[in-house]
Amino acid sequence: MRIRFTHNEPGRVRAVCTFGSCPWKIFASRFERNSVEFQVKSNNLIHECGRVERHPFLDYKWIAKNYTESFRDNKRLSAAEVINSVNQDRVLQISTSQVYRAKEFAIQMMEGSYAEQYALLWDYCEELKKKNLGTTAKIKVEMGADGAPIFHRIYICLAACKKGFLEACGPLIRLDGCHTKGPFRGQLLSAVGVDANNCMYPIAYSIVEQENTESWGWFMELLVKDLGSQHGKGWTFISDRQKGLVQVLEQFVPEDEHRFCVRHVYNNFNKKYKGEALRAEVWAAAKSTTVGSFITVMDRIKALDVAAYEWLMNRRPQEWSKSHFCEHSKYGVLLNNWCEAFNGTEMLLEAREKPILSCLDHVGRWHGEIRDRVHKILERNKLQSGWCHPIANGFSKFQITHGMGGPYAVNLAHKSCSCKAWDISGITCPHAVAAIYHERGDPMDYVNHYYKKEAMLKAYSFEHIPLSDQKEWAKTGLVPIKAPLIRSQPGRPKRLRKRKPNEPAQNPNELKRYNTCERRKQKQNVCVVLNFSFLLLAHKEHVFLRTNW
């Protein structure tokens, strides 16, 4: 069925089928000159043509209006799912590009235009500060040729998050950035802390034009003003060595501790120096809790490869090894995966595709999962404490002998152990647990106050008042902000972060790729030769196996 309007006027309309000699036609006109109702005057509704799978009137606007609920209920709705739904409902075919345009048009109908939302930023920030006293909301604009302000950056630190972090969370701050989606692409910078349950706790976030020294400097300047400087014995920052961030931290917090994510350090190391032995030794050096054990591991690396040893020694161990971490932070983390997990949460992935006001509102409503992480670590240390034998020396001091090493000196009064694991992490190590059990105490009582239930409740005790409808916001009267210029971001922004070859799979059930066997040209997991070699090795280990070879 191919319909064409031969007459399409304000007062009358005529449509015919143009497929061959098909007799289908219809004619209608208004009842009266100013009436909105039409009356069919003549028609022939019999078709003699075949069905057409593609219809010219089935455009992206029709798809958006008829499938708005589907786009609203499932933000991750794929193009293939929409194509299948239209095919099943209407027995018609649409293209992938139509689905993308329809989704963009549906978002615009539900949440407003991408460009129009920038004009409401002044009112949004004032309403946010009015409803939540103590909130910081800063906007930086550039003046256009016509004198109108053009959006450049925005920074937000909610009062509830700021108070909860300062009063109940540890001094660890993780910094990271990710791409935003939509026609006006940029970068979402975030500062994430750690709560008492060892879970991520958002502190501040910002949308900037690019991730560079200038944008990170603007973000860090406002963050330091909000949190305050501790003058050398306060914040511990961990990052992935983002562009310009190292220089910015040296400028604004030169006395505070700055760590690098060990995974990114090893990825750079692995570009030149490869091998499973070196990988194991690098991670052993990073996890060493004492200077002596760190030197021992570094000597093993030097024996394997002198150049690799020199490459690591050119990096300050204070930035990537537990043995040189400051003890005041009570967090011995080596990875910046909290920020990466924060950027990859379902809510943030959804927010990054929205217009700017909807994006900021979604990030502000973030909430994490409650998991009993600290107790799991403590329970594991309790099991390992069974191999420890405490000898009391008086005044809450113990000497711990261990089947795998030692001896270790534990001081319960100072909450310290010579293995340094308790000093760095704040969670009682197996040696301390053995000494505490000797005194008939509870290991949880000796965990740092950052991990206590009281700190957890206090961190989330501050109220954040949500904003009302945009129509109810007070008007600032300032000149509306225009949308930023469309800039091409360095690199191609992806929905998911590109994972390194040596990183674990995101899906634990995902099948791994195996190398092929040179003799049988088969995958290793089905290769008979390799399986037989495994059986021989198992036989040497005195494992009884029954085979039918």
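Conventions and cut-offs
Residues numbered from 1 in each chain as written. Predicted model: local features only at pLDDT ≥ 70, side-chain atom pairs only at ≥ 80, totals over all residues. Heavy atoms only, no water. Helix = DSSP H or I, 4+ residues; strand = E, 2+ residues; numbered from the N terminus. Buried < 20%, exposed > 50% of the residue type's maximum accessible area, 1.4 Å probe, protein only. Contact = heavy atoms within 4.5 Å. Areas by Shrake-Rupley, 256 points an atom, 1.4 Å probe, with all protein chains shown as cover. Phe/Tyr/Trp six-rings, centres within 6.5 Å; stacked < 30°, edge-to-face > 60°. Pairing = 2+ DSSP bridges. Axes fitted to C-alpha atoms, helices over the stretch in contact; angles between N-to-C directions. Salt bridge = Lys/Arg side-chain N within 4 Å of Asp/Glu carboxyl O. Expected span 1.5 Å × (residues − 1). Polar contact = N/O pair within 3.5 Å; in protein donor to acceptor, adjacent residues only side chain to side chain. Core = buried A, V, L, I, M, F, W, Y, C linked by side-chain atoms within 4.5 Å. Parallel < 35°, antiparallel > 145°, perpendicular 65-115°, else oblique. Nonpolar A, V, L, I, M, F, W, Y, C, P; charged D, E, K, R; others polar. pLDDT = per-residue confidence, 0-100. Disulfide = S-S within 2.5 Å. Arc of directions from axis to C-beta.

## Brief notes about the overall build of the protein
Of regular secondary structure, the protein possesses 20 helices and 15 strands. Here the protein, with 549 residues, has 44% of them falling under the buried criterion. Residue pairs at least 24 apart in sequence account for 59% of intrachain contacts in the protein once pairs closer than 6 positions are excluded. For the protein, the computed accessible surface area is about 31,000 Å², with 52% contributed by carbon and sulfur atoms.

## Focus: the packing of aromatic side chains
Scanning the model with the defined rule gives 17 aromatic pairs in all. Ring centres of Y124 and W473 lie 5.8 Å apart, and the angle between their planes is 55 degrees; this geometry places the pair in the tilted category. Placement of Y124 in helix α5 (residues 121–131) and of W473 in the loop between α19 (453–459) and α20 (528–540) is noted, with a sequence separation of 349 residues between them. Ring geometry for F269 versus Y273: centroids 5.3 Å apart, planes at 40 degrees, classification tilted. Of the two residues, F269 and Y273, neither departs from the other in class, the shared state being buried.

## Considerations on the sheet that holds strand β10 (residues 236–239)
Judged by pairing direction, the sheet is mixed, and its seven strands sit side by side in the order β5-β6-β9-β8-β7-β10-β11 without closing on themselves. Whereas interior strands pair on both sides, the edge strands pair on one side only; in this sheet they are β5 (136–143) and β11 (257–260). When strand polarity is set aside, the average angle formed by the axes of neighbouring strands in this sheet is 20 degrees. Where strand β7 (residues 172–179) lies against strand β8 (residues 187–194), six bridges are found, and the strand directions are antiparallel. In the sheet register, R174 faces β8, and the bridge partner there is V192.

## With respect to the pattern of salt bridges
Following the criterion strictly, the structure yields 15 salt bridges and no others. The closest approach of N and O atoms between K458 and E167, which form a salt bridge, is 3.6 Å. Within this pair, whereas K458 is found in helix α19, its partner E167 is found in helix α6 (residues 159–168), the two being separated by 291 residues in sequence. E167 sits in the partly exposed class, given a relative accessible area of 44%.

## Quick look at helix α7 (residues 213–227)
Over its 15 residues, α7 extends 21 Å from the first C-alpha to the last, a length consistent with the 21 Å expected when each residue adds 1.5 Å. Counted residue by residue, α7 has eleven buried out of 15 residues, so it is predominantly covered. Two or three places before E214, at the opening of α7, N212 has a side-chain oxygen 3.3 Å from that residue's backbone nitrogen. Trailing α7 by a residue or two, G228 shows a phi angle of about 85 degrees, which is positive.

## Focus on the nonpolar core
Judged by nonpolar contacts, the single largest core of 59 residues is most densely connected at L121, L175, F219, M220 and L223. No other element matches α7, which puts eight residues into this core. Counting residues in hydrophobic clusters, the runner-up holds 26 residues, among them Y266, V282, M298 and I301.

## Here we look at the packing of helix α16 (residues 373–384) against helix α18 (residues 430–438)
Put simply, α16 and α18 touch, their axes get as near as 8 Å, and they point 75 degrees apart. Between α16 and α18, the angle falls in the class roughly perpendicular. Between α16, through N381, K382 and Q384, and α18, the contact on the second element is made entirely by P430, V433 and Y437. Of the residues assigned to the contact of α16 with α18, the class counts are three nonpolar, two polar and one charged.

## Quick word on the sheet that holds strand β2 (residues 12–17)
Two strands in a sheet stick together by hydrogen bonds in their backbones, pointing the same way (parallel) or opposite ways (antiparallel). If you walk across this open sheet you meet the four strands as β1-β2-β3-β4, and the pairing is antiparallel. A single partner strand is all that each edge strand has here, and the edge strands are β1 (3–8) and β4 (38–44). Averaged over all pairs of adjacent strands, the angle between their axes in this sheet comes to 15 degrees, without regard to strand direction. With six bridges connecting them, strand β3 (residues 25–30) and β4 associate as antiparallel partners. Looking across to β4, one finds that K25 is bridged to N44.

## Examining unusual backbone geometry
For S396, which is not glycine, the phi dihedral falls at a positive 65 degrees. Residue placement: S396 occurs in the loop between β12 (388–394) and β13 (397–402).

## A word on the confidence of the model for the protein
Looking at the protein as a whole, the pLDDT averages 81, with 83% of positions reaching at least 70. No element of the protein has a lower mean pLDDT than α20, which averages 41, and none a higher one than helix α12 (residues 306–313), which averages 94. Confidence drops under pLDDT 50 across residues 513–549; counting only partners more than four residues distant or on other chains, this segment forms 25 contacts.

## A look at the pairing of strand β6 (residues 149–157)
Burial of β6 is extensive: nine of the nine residues sit out of reach of the surface. Direction of pairing for β5 relative to β6: antiparallel, over a ladder of eight bridges. Its bridge partner lying in β6, T136 is registered against C157. Taken together, β5 and the strand that follows it, β6, pair antiparallel across an intervening segment of five residues, in which G147 is found at a positive phi of about 85 degrees. The sheet contact formed by β6 and strand β9 (residues 200–208) spans three bridges and is antiparallel.

## As for the state of the cysteines
Following the criterion strictly, the structure yields zero disulfides and no others. Left without a disulfide partner, C49 is nearest to the cysteine sulfur of C17, which lies 3.7 Å away. Here C161 stays unpaired: no disulfide links it, and the sulfur of C157, its closest cysteine neighbor, is 7.2 Å away.

## What to know about α12
The set of residues buried in α12 consists of A308, Y309, W311 and L312. Seen from one end, α12 has its buried residues packed into an arc of 160 degrees, which puts them on one side. Along its buried surface, α12 packs onto α9 (262–270), α10 (276–287) and α11 (291–304). At the N-terminal end of α12, a side-chain oxygen is found 3.0 Å from the backbone nitrogen of A307, two or three residues along, and the residue is D305.

## Focus on the environment of R101
Tracing the chain through its elements places R101 in helix α4 (residues 96–111). Distance in space between the C-alpha atoms of R101 and K61 is 8.2 Å, their sequence separation being 40 residues.

## Brief notes about the pairing of β8
Judged by how many residues are buried, β8 sits mostly within the fold: eight of eight residues are covered. In β8, alternate side chains face the same way, and those of Q187, L189, A191 and G193 on one face and L188, S190, V192 and V194 on the other are all buried. Turn length for the β8-β9 hairpin, with the two strands adjacent in sequence and antiparallel, is five residues, and the turn residue N198 shows positive phi of about 65 degrees.

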